[in-house]
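# Inside the fold
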Amino acid sequence: MREPLVARMREFGTTVFATMTRLAVETGSINLGQGFPDTDGPEEMLERAVEAIRGGFNQYPPGPGVPELRHAVSEHQKDGYGLDYDPDGEVLVTVGATEAIAAAVLALCEPGDEVIVFEPYYDSYAAAIALAGAVRVPVPLRVDAGRFAFDPGELAAAVSPRTRAILVNSPHNPTGTVFTREELAAIADLCEARDLIAITDEVYEHLTFDGVEHLPLATFPGMRERTVTISSAGKTFSVTGWKVGWVCAPYAMVSAVQAVKQFMTFTSSAPWQLAVAYGLRHDMDWVASQRASLSAKRDRLMAGLAASGFEVLRPAGTYFIQADIRPLGFDDGLAFARRLPERAGVVAIPTQVFYDHPEYGARYVRFAFCKRDDVIDEAVERLKRL
C-alpha cells in the first residue's frame with residue numbers, strides 16, 4: 001500500500017511536546033517542558049464564559065468572530081500601540097494563534113515561495129510552510145552578550161527573488177529573547193526594500209520583564225500595510241485551552257486569510273470569544289499582576305537551575321528559560337532531555353528540535369517557569385540530583 005502521509009508532511013511526526021508530556025506521565029516527572037500555566041486566568045473573565053454558556057451563546061458565531069471581540073481587539077491595538085484597525089474587515093478571530101499562522105501562510109504563499117524563519121522556531125511554523133508547498137529558509141539566532149540575536153547581514157543574505165515572507169516571533173519562543181528596536185528596524189527595512197510580507201507571532205506580547213518593551217513590527221514605518229499581526233488570549237490570560245486568537249492586517253490580507261480559515265474551522269467558541277472581549281477591556285490589570293508574578297517565577301527557577309550546575313540565560317520575555325548543559329558534562333540536548341526524567345524526575349524540551357541546523361542548539365534545553373511556586377521548588381530539589 002502506498003505511504004498514506006503526503007510527502008511534504010513526512011518530516012513531521014508526533015510533536016516533541018506530546019512526546020515529552022507522555023514521558024512525564026510515564027515517569028511521574030514534573031513537566032517543565034510544555035508551556036502551559038497550572039493556574040487559571042482572571043476570575044471575572046472566566047465567569048463571563050460561564051454566563052455566555054448559560055445565556056445561550058452556544059451556536060455558530062459569525063465567521064470573522066463575534067463583534068464584541070473584534071472591537072475589543074481593535075481597541076487593544078489602538079490603545080496599546082497606536083495601530084488603527086477596522087474591526088469590520090481588518091480583524092479576524094481564529095482558533096488560537098496556531099491556526100492564524102497556518103491560515104496566513106496558506107493564504108499568502110504560493111508553492112515554491114520562500115518563507116524566512118528565525119531558528120530555533122516554534123514547530124508549527126515549519127509544518128504550515130510545508131502544507132503551503134512553500135520553502136522555509138532558516139536564519140539562526142545565536143547567543144551574543146547573554147541573549148539570542150540574529151545577524152542582519154545573514155538575514156539580508158537569506159532573501160532571494162523567490163522570498164515572499166518573513167515570519168517573526170517576538171517575544172520569542174523558545175529562546176525568551178525580545179527583539180530590540182534596532183533588530184525590528186532591520187527587518188522592516190528589508191521588507192520595504194525587497195517588497196516582503198511580514199507575518200508576526202506576538203502571543204507573548206504582554207509577557208516581557210525587566211522593563212523590556214514589546215514593539216509590534218506593524219508600528220514601524222511602512223509596515224502596517226505589509227504585516228499580518230497575530231496574537232491570542234491563551235498566554236495573556238492563562239487560558240491556553242480556550243484557543244482564541246486573532247489576526248490584524250489590511251483588508252486584502254485579512255480577506256485572504258479568512259478565505260482559507262473558513263475551510264479549516266469556519267468559526268469557534270462563542271462563549272470564549274465573549275469572555276476574552278471582556279478580558280481585553282477589563283482585566284489588563286490582572287495581566288500586569290501576572291507579568292510580575294511570572295518575572296518572580298523566572299528568577300526562582302533561574303536560581304535553582306544555576307545551583308544545579310546549568311549555565312542559565314536570562315529571558316526578557318515568554319514562559320521559557322534556556323539552560324546550557326555543558327557545565328554538567330553534556331553536549332547533546334536531545335539525549336540529555338530523554339535521560340532527565342529518569343535521572344531527576346523533571347521534563348525539559350531539547351532546544352535543538354526547533355532548528356533546521358540542530359548543532360546550533362545542541363547544548364541547550366528549555367525549561368518553562370509558568371508553574372506554581374511549589375512545583376518550581378520541587379523541580380529544583382529534584383534537579384539537585386544532577
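Below: a short report on this structure. Fair warning: this is a prediction, and the values are worked out from it, not measured in the lab. (Residues numbered from 1 in each chain as written. Predicted model: local features only at pLDDT ≥ 70, side-chain atom pairs only at ≥ 80, totals over all residues. Heavy atoms only, no water.)

### Section: the nonpolar core
Our working definition: Only buried residues count toward a nonpolar core, which is a set of Ala, Val, Leu, Ile, Met, Phe, Trp, Tyr and Cys residues joined through side-chain atoms within 4.5 Å. Residue exposure (1.4 Å probe, protein chains only): buried if accessible area is under 20% of the type maximum, exposed if over 50%, otherwise partly exposed. Working definition: helices are DSSP H or I runs of at least four residues, strands are E runs of at least two. Numbering for both runs from the N terminus. In what follows, residue pairs with any heavy atoms lying within 4.5 Å of each other are defined as contacts.
Counting residues in each nonpolar core, the largest one holds 67 residues, and the members touching the most others are Ile199, Val228, Val247, Leu301, Phe310 and Phe367. Residue contributions to this core peak at eight residues, all from helix H4 (residues 96-108). With sequence-adjacent residues up to four places away left out, Leu301 is seen in contact with Leu32, Ile321, Phe367, Ala368, Phe369, Ile376 and Val380. Tyr81, Val91, Phe237 and Val287 belong to the second largest nonpolar core, which has 28 residues in total.

### Focus: the pattern of salt bridges
How we decide: Basic side-chain nitrogens of Lys or Arg form a salt bridge, by our definition, when they fall within 4 Å of a carboxyl oxygen of Asp or Glu.
For the structure shown, the criterion picks out 25 salt bridges. Put simply, Asp88 and Arg70 hold a salt bridge, and the shortest N to O gap is 2.9 Å. Of this pair, Asp88 sits in the loop between helix H3 (67-81) and strand S2 (91-94) while Arg70 sits in helix H3, and the two are 18 residues apart along the sequence. Accessibility expressed as a relative area gives 9% for Arg70, which makes it buried. Close ionic contact of Asp373 with Lys297 constitutes a salt bridge, the shortest N to O distance being 3.1 Å. A residue pair is termed long-range when its members are at least 10 positions apart, and Asp373 in helix H12 (residues 373-383) and Lys297 in helix H10 (residues 284-307) qualify at 76 residues. Using a relative accessible area of 31% as the deciding quantity, one classes Asp373 as partly exposed. Residue class for Lys297 comes out buried when judged on its relative accessible area of 12%.

### Notes on empty space enclosed by the protein
Where empty space is left becomes clear once a probe the size of a water molecule has been rolled over the atoms. Put simply, the rule reads: Both site types are read off a 1 Å grid over the protein atoms alone. A 1.4 Å probe that fits but cannot get out defines a cavity, while an open set with protein on both sides within 12 Å along at least five of seven lines defines a pocket; lining residues have an atom within 4 Å of a point. Grid points are joined across faces, edges and corners, and a volume is the space filled by probe spheres set on the points. Classification used: nonpolar for Ala, Val, Leu, Ile, Met, Phe, Trp, Tyr, Cys and Pro, charged for Asp, Glu, Lys and Arg, polar for all others including Gly.
A full pass over the atoms with the stated rule returns three cavities of 30 Å³ or more. The calculated volume of the largest cavity comes to roughly 40 Å³. Contributing to the lining of the largest cavity are Val168, Ser170, Leu184, Thr200, Glu202, His214, Leu215, Pro216 and Leu217. The class makeup of the residues in the lining of the largest cavity is five nonpolar, three polar and one charged.

### Here we look at the environment of Glu213
Within the fold, Glu213 resides in the loop between strand S8 (197-201) and strand S9 (227-232). Look past the residues within four positions of Glu213 in its chain and what remains in contact with it is Val178 and Arg181.

### Looking at H4
The line we're drawing: Expected span of a helix, by definition, is 1.5 Å for each gap between consecutive residues, and there is one gap fewer than residues.
Its 13 residues give H4 an end-to-end C-alpha distance of 19 Å, which sits within 8% of 18 Å, the value for a rise of 1.5 Å per residue. Along H4, 10 of the 13 residues are buried, which leaves the element largely enclosed by surrounding structure. Looking at H4, one finds that the buried residues are Gly96, Ala97, Glu99, Ala100, Ile101, Ala102, Ala103, Ala104, Val105 and Leu108.

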